[in-house]
Every structure is written in structure tokens, then in C-alpha cells.
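Listed here are the chains, written in short residue letters.
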Amino acid sequence: MLTVVLSGLRARWASFLGGFVALALGVGLLATLGLGLSATLHAPERPPQRFASSPVVVQGQDRLTLDVRRGPGTASVAQRLDRPQPVDSELLRELEARWPVTPSGGPDAVGVAAPAAEVRALVGDRAQVLTGDERRRADPDRDADALVGVNALLGTSGGVTAFVSVFVVASTFAFAVALRRREFGLLRTAGATPGQIRRLLLAEAAALGVLASAAGCALGAAGAPLLARALVDGGLAPAWFTVGGPAWPFHAAFWTGVAVALAGAVAASRRAGKVGPTAALREADVDADTLPLGRALLGTGLLLAGLGLLVWTYATDPSALLKRKTYTTLPMLLITGIALLSPLLVRPAARLLRLRGAVGTLVRENSAASVRRTAAVAAPVLVTVALAGTLFGSAASVTRAKGAEGREQTVAEYVVSGPALRPVTAPAGAVVSPTGPTSVFVRDGDAAVVKYGARAVTDPAAFAELTRLPVVAGDPRDLDDRSIVVNEEFERRRVGETVEVWRADGTGPVRLRIAAVLALGTGDNGPYITRANAPGSVPDRIDARGGGTAAVRALEASGGTVRTADAWAEAARPSNGGPQARLGMVLVLGIALVYTVIGLANTLLMATSVRGGELASLRLAGATRAQILRVVTGEATLAVAIGTLLGLAVTALVLGALGAGLAALSAPVALALPWATVGAAAGVCAAVAIAASALPAWRLTR
């Protein structure tokens, strides 16, 4: 068996080249991304910087710890505070009275030159005592958010890589098996059993998987340092970010590659095992039984599952439709389901095409007759167009909705933005409303503690006059130091009820009355509290109306950027989710496009290369070489067009669900289809398909 497998691989290396390249590239990407993920999970050990010369550090509490219910008992959960609490002044005096104390730029921590045991005995539970490497906790942790972003970026890209590689490899194996139908018929005539045919194909897939995975691991080892450098140069990862060390990413990528190769060959081997001896006599090129019952059931199930998840998400948690994780993963079910059912759509779509002349007739009839070839070309195009439309379209739609929502919620003439704005005295006739960022911690039932990003309002009356919030119940004008404005995400959200809140510095709990309830919107609607309940919050935005030029001069004295409300809304509108999100979308689309190019080139090179007899018959019938080339390239173009239409159908489903979700959240519905991105992706697919079909046809018709 091994001799037959190796001989087959040598004899048909051209047929396996596309699958080999796709698999090796996928394993290389998985190894590279795995090494990057491992680097985000384990930051390098760095010595303390802020208190490097102090043997002991006394730091205020930096976490809120509360008991929650876990089954029949309780457990402690901790939420990180916005900033560590300051060291108590009385404790600080006691420390200074006994030992040398080294302050360092803030009230949250001090260095102490004293034995750690004696310091702990004095401090007790009033603060944290850090020694050794733990002193790093007093250093500003500016890299945590960057590492979380890189982790999400690489994780999403790895998932898409695995999905697309399985898709392309399975499609390549399936089409290669369809082209070898007569070969399997001859083997059956010579006495081969269906089991032997299946084992032959699986052995070929295993050999291909091992070789491609080994090559992919080598690519990953070379590509991982380049990825790390690109992330650092792009400002997405800290300057110290490097990869290397752990071996598990190589093991995971290698065995994933072998598993992908075998998984891609399983369905094809089952079909090959059903080939009978009479297939050796087959001459017709019309595809029959292009959609077996198992494929039809699986495709229908995946399509219904994708549609069901869209409907269920809309009905239960429409805000999830706005999240990148949802509009990245949900389309995969729809893509796979439609791709499996594509043979049902190819023939009707081709028959609907009305082209004049002999060339047009041949393009239409050949595409309708060779359903497997047309579907195999359309499938990778479907993946690329659908991912381009759903990723970029959803991100652009959410961005537009956020911008429109922000502009609708203020009636100010001017908006000042900037960190740590100075107080402003409102001139005569002006209304000024400063607000700043803060956080509140709220129990979610008995089992969890939730941290909400909130806004601290300086002047509730001015705030209510200058804002137009999507109020569901209550009145924001009732906001005061003993109340809170919540949104529909809160467990307790009835006006007049009280909610138990811990402040941003961990102090509390305080019981605040619910003054108003807001629609959830795109996620930025509340909660709102007053400055009295937001310790440490500094305004980063000032809304103003009236007062003329005197108001503008007063606003300029705040130290921020003064803009008209329209200009502020345009400047503040997020750009497709920030640099990590944009890079993630480009990386995902790039992976899909590379795999599509490989799949298209491999499929069309194989398909056209075995059409020598057909093309020769056309020449004998009087067709010119140019006409034959137009027929072949026309078939490829039609298949790309069908794949593009199917990808646009997936995009329409996802964007339609997103629009319904925005409407359910009382947010502006501003859908955007990225025609330029989709058109560029489809254009690349068409160019590759035309070239990959024209070159072998030109050679065969010389």
C-alpha cells in the first residue's frame, strides 16, 4: 500500500500541489499565531522599576473583592479598580515614624526600608505589602490592554485560518477524487475493494499531511519573529514583545495539519469507495449525483443552524450582533452550509444566463453540465466575498451607528475633548456640562460582580439640558448624588428601585435610587452618576451651548480641543474599531484571499488540464483557438460570478440581522456594504481564475 501511495503522489504531484501549499501555509500560520499567543500569555519577567531600591512596598488596595454564591457555598471574586486606592494618611504617618519611607510620584504606594514581617504586622489589612518580584504590581501596567488586544487578534486569525484551510483542502480533495473516477473504476475492475480504495486515499492524505505540516512548522519558525516585529512596529504590542520558547504551538499546528488533511479526505474517500467497475467505461462529462444525501443533509443543517443562531441572538441578546466575535464566527456556518448546497444552485444559475452566439451557449451549457467543477471554483470565492462583506460591512455599520448615536445624543453647539480638562466657568447665557469617565461595580444576582464603564456628571441640570438620551423610563433630570441613571443591561432597572453600587475606588457599597433607564443602544448609553460618586474622575469632555464668543474663550481655557458638535462627532467616530480591529480584519481577509487564490488556481489547473479531448473535439468542429479560450475563461468567470453572488447573499443575511439588532437596541440603523473591498476581492478572484484556466487551455490548443 505504501509503495502505491508514494508512486501515486509522484505521478500526480501537480494535482496535490495546491493542497500541499494550502496545508503548509495553514500550518505555518497556525504555528506563527500560536507562538504569538503564547507570548501574550506569559510576559517576560522584568525587575521592579518604580520601587527598585525599596525592599518593601506598601500599596493601597487595587482590587474590589466580594463574596458571591458558588453552588451551596460562597467564593471570593476580585475586580480590578480603575486605580489603586491611596495609602491611608494615618498609616503613612505610622510608617514614617518608624522607618525611612520613599514616596514615588503618587499617593497609591510608598517604599519602606524595613523588614517585611514588621511592616506586615503594622499594616494589617489596611493596605498591601509587596516584596521581591511582587513589587512590580506597583509599576504602571500599560501593557495589559495591548496584550489583550493582540491575544484577541491572533486568536481570531487562528480560528479563521483553521476554518479556511479545512474548507480549501476538503474542496481540493473532493474535486481531485471526482477527476479520478475512471481510475478508481479500473482499480475496481482489477479487483480492488471499496475499503482498499478508501484506505488508499486516506493514506495519500496522511502522507501529504505529514509532509505539508513539517514544511509548515518550518515556515512558522521563520515567520513568528517577523510577526512579532510587525506588531511592535505597528504599535499594537509592547516594545519588549518577542516570540519563541514553547514547543506546544508547533505540536498543535503539526497535528492540526495532519488532522485537517485526513478530515478533508474522509468524505472524498467515502465517495470514491462507492465507485463501481463500470465507471472505467464512462465517457460523458455530465456530472450526476452531485449532491449526495449526506452532503445535502449536512449543508441544510449548517445553513439552518446559522440562520437559527442569527434569529436566536437577535431575539435574546441583540447587542451581541454588534460584537466582532459574533460577526466573525456566525458567517462561517452560513458559508459552509451554502457551499455544501451550491451544486443545487449552480445549474439553475447557469441556465438563467442568456448569452448570444456559440461561445455563450457553450459557456452556459458546460457550466451547467460540469456542476462539480463550477461549484469547486465558486466555493473559495464565496468564502472570500462573504468574509469581506460581513467583516468590513459589519464593522463599518457599527461605526456609523456609534457616530450617529453620539451626534443625536447632544444638542450642544460646542464639544471640548481632551484628557484631564480644567474647570470652566460658564459665562452669562451659556450652559456648560463637563463629564468624565469612571466605573461602578454592581452585583449581578448572587453569583457575579459586574464592572460597568460609567460617566460622571458634574452638573446634572446642565447635563439634562444638553443631552437627548434614549430614555425608556424615568427622567435624567432627577439625577442627583443619591441616584443613578442605568441602562437596560442592569439586572435591577425599574425607576424608583435602589441598586447597590461600589465606586471606582472600591469604596461602598452605596445604595442609589434609579432615576432613569436608558435603551442599551450601541453600548455607550450609561450608566451615569454624579461626581460625588466618582472619586478620582477628571472631565474629558465638556458640552456647551450659548454664550457666544465668550463661551468659546472660556472653553479654550480648559486645555482641550474645542470643536463644533458636528466636527466633534466626525472626529470622535471610531474608525472600524481601532488599529487592532482593522489589522485583524485585514489579516483575516488576507488569509482568505490567499487560500482562495491557491484553491482557484489548483482547481482550474487540474480541471482544464484533463479537458484535452473535449477541446480537441471543439477544434475539429471548427472552433478557433480564440473561441476555445473565450469558452474556458467564460466558464471560469461565470463560476466566480456565482460565488460572488452567494457571498453577497451571506453578507445580506448578516447585515440584515445587524440592522434588526440595531433597531431593537434603539440605535440608529446605518448599514454600509463595503463595495470597494468586495469588488477588489471578487476582481482578484476573477483575474486568478481567468489566468489559471487560460494557461492550460492555451497549451492544450497549440
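As shown above, the structure is provided for reference.
Residues numbered from 1 in each chain as written. Predicted model: local features only at pLDDT ≥ 70, side-chain atom pairs only at ≥ 80, totals over all residues. Heavy atoms only, no water.

1. A word on the overall build of the protein
Alright, step 1. Within the protein, the regular secondary structure consists of 19 helices and 16 strands.
Alright, step 2. Relative to its 702 residues, the protein shows a buried fraction of 48%.
Alright, step 3. Look at the contacts in the protein between residues 6 or more apart in sequence, and 80% of them connect residues 24 or more apart. (Helix = DSSP H or I, 4+ residues; strand = E, 2+ residues; numbered from the N terminus. Buried < 20%, exposed > 50% of the residue type's maximum accessible area, 1.4 Å probe, protein only. Contact = heavy atoms within 4.5 Å.)

2. Things to note about the pattern of salt bridges
Alright, step 1. Enumeration over the complete set of coordinates arrives at 13 salt bridges.
Alright, step 2. Residues Glu 500 and Arg 511 are paired through a salt bridge, measuring 3.9 Å at the closest nitrogen-oxygen approach. Highlighted residues: Glu 500 in strand S12 (residues 498-502) and Arg 511 in strand S13 (residues 510-518), separated in sequence by eleven residues.
Alright, step 3. On the basis of relative accessible area, Glu 500 is assigned to the partly exposed category, the value being 30%.
Alright, step 4. Connected through shared salt-bridge partners, Asp 62, Arg 63 and Arg 80 make up one network. (Salt bridge = Lys/Arg side-chain N within 4 Å of Asp/Glu carboxyl O.)

3. What to know about empty space enclosed by the protein
Alright, step 1. Scanning the entire structure with this criterion turns up seven cavities of 30 Å³ or more.
Alright, step 2. If you add up the space inside the largest cavity, you get close to 80 Å³.
Alright, step 3. Sorting the residues of the lining of the largest cavity by element identifies helix H12 (371-408), helix H16 (578-609) and helix H18 (625-664) as the ones contributing at least two each.
Alright, step 4. Examining the composition of the lining of the largest cavity, we find that four residues originate from one element, H18, more than from any other. (1 Å grid on protein atoms, 1.4 Å probe; cavity = no way out; pocket = protein on both sides within 12 Å on 5 of 7 lines; lining within 4 Å. Points joined across faces, edges and corners; volume = space filled by probe spheres on them.)

4. Focus: the packing of helix H10 (residues 324-352) against helix H11 (residues 357-369)
Alright, step 1. Here H10 crosses H11 at 170°, and the two axes come no closer than 8 Å. Relative to H11, the element H10 lies roughly antiparallel. Of the residues in H11, those in contact with Val 346, Arg 347, Ala 350 and Arg 351 of H10 are Arg 364, Glu 365, Ser 367, Ala 368 and Ala 369.
Alright, step 2. Its residues placed into classes, the contact of H10 with H11 shows four nonpolar, one polar and four charged. (Axes fitted to C-alpha atoms, helices over the stretch in contact; angles between N-to-C directions. Parallel < 35°, antiparallel > 145°, perpendicular 65-115°, else oblique. Nonpolar A, V, L, I, M, F, W, Y, C, P; charged D, E, K, R; others polar.)

5. Observations regarding helix H14 (residues 548-556)
Alright, step 1. Taken residue by residue, H14 has Ala 551, Val 552, Ala 554 and Leu 555 as its buried positions. Down the axis, H14 shows its buried residues gathered within 165° of arc, on one side only. Of the exposed residues in H14, those oriented more than 90 degrees away from the buried face are Thr 549 and Arg 553.
Alright, step 2. Taken together, the buried residues of H14 touch strand S7 (414-417), strand S15 (541-545) and strand S16 (561-564). (Arc of directions from axis to C-beta.)

6. A word on the nonpolar core
Alright, step 1. Core analysis: the largest hydrophobic core is formed by 75 residues, its most contacted members being Ile 335, Leu 382 and Val 650.
Alright, step 2. With 15 residues, H12 is the largest single contributor of residues to this core.
Alright, step 3. Residues within four places of Leu 382 in sequence aside, it is in contact with Ile 335, Ile 338, Ala 339, Gly 643, Leu 646, Gly 647 and Val 650.
Alright, step 4. Val 440, Val 442, Val 499 and Val 517 belong to the second largest nonpolar core, which has 16 residues in total. (Core = buried A, V, L, I, M, F, W, Y, C linked by side-chain atoms within 4.5 Å.)

7. So, the sheet that holds strand S5 (residues 109-112)
Alright, step 1. Judged by pairing direction, the sheet is antiparallel, and its four strands sit side by side in the order S4-S5-S1-S6 without closing on themselves. The open sheet terminates on both sides in strands that have one partner only, identified here as strand S4 (101-103) and strand S6 (128-131). Taking the axes of each pair of neighbouring strands and ignoring which way they run, one obtains an average angle of 30° across the sheet.
Alright, step 2. As paired elements, strand S1 (residues 56-59) and S5 share four bridges and run antiparallel to each other. Its bridge partner being in S5, Val 58 is matched across the sheet by Val 110.
Alright, step 3. Packed on one face of the sheet, helix H4 (residues 116-123) meets S1, S5 and S6 and runs near 170° to S6. (Pairing = 2+ DSSP bridges.)

8. Notes on a nonpolar patch on the surface
Alright, step 1. A surface patch of nonpolar side chains, amounting to about 240 Å² of accessible area, comprises Leu 304, Leu 307 and Leu 653.
Alright, step 2. Checked against the element boundaries, Leu 653 lands in helix H18.
Alright, step 3. By relative accessible area, which is 34% here, Leu 653 ends up partly exposed. (Patch = residues over 30% accessible without salt bridge, like charges linked within 9 Å, V, L, I, M, F, W, Y side chains within 5 Å. Areas by Shrake-Rupley, 256 points an atom, 1.4 Å probe, with all protein chains shown as cover.)

9. Looking at unusual backbone geometry
Alright, step 1. Cis geometry marks the peptide bond from Gly 508 to Pro 509; its omega dihedral reads 5°.
Alright, step 2. Along the chain, Pro 509 turns up in the loop between S12 and S13.
Alright, step 3. Unusually for a residue other than glycine, Ser 666 sits at a positive phi of about 60°.
Alright, step 4. Mapping Ser 666 onto the fold places it in the loop between H18 and helix H19 (675-700).

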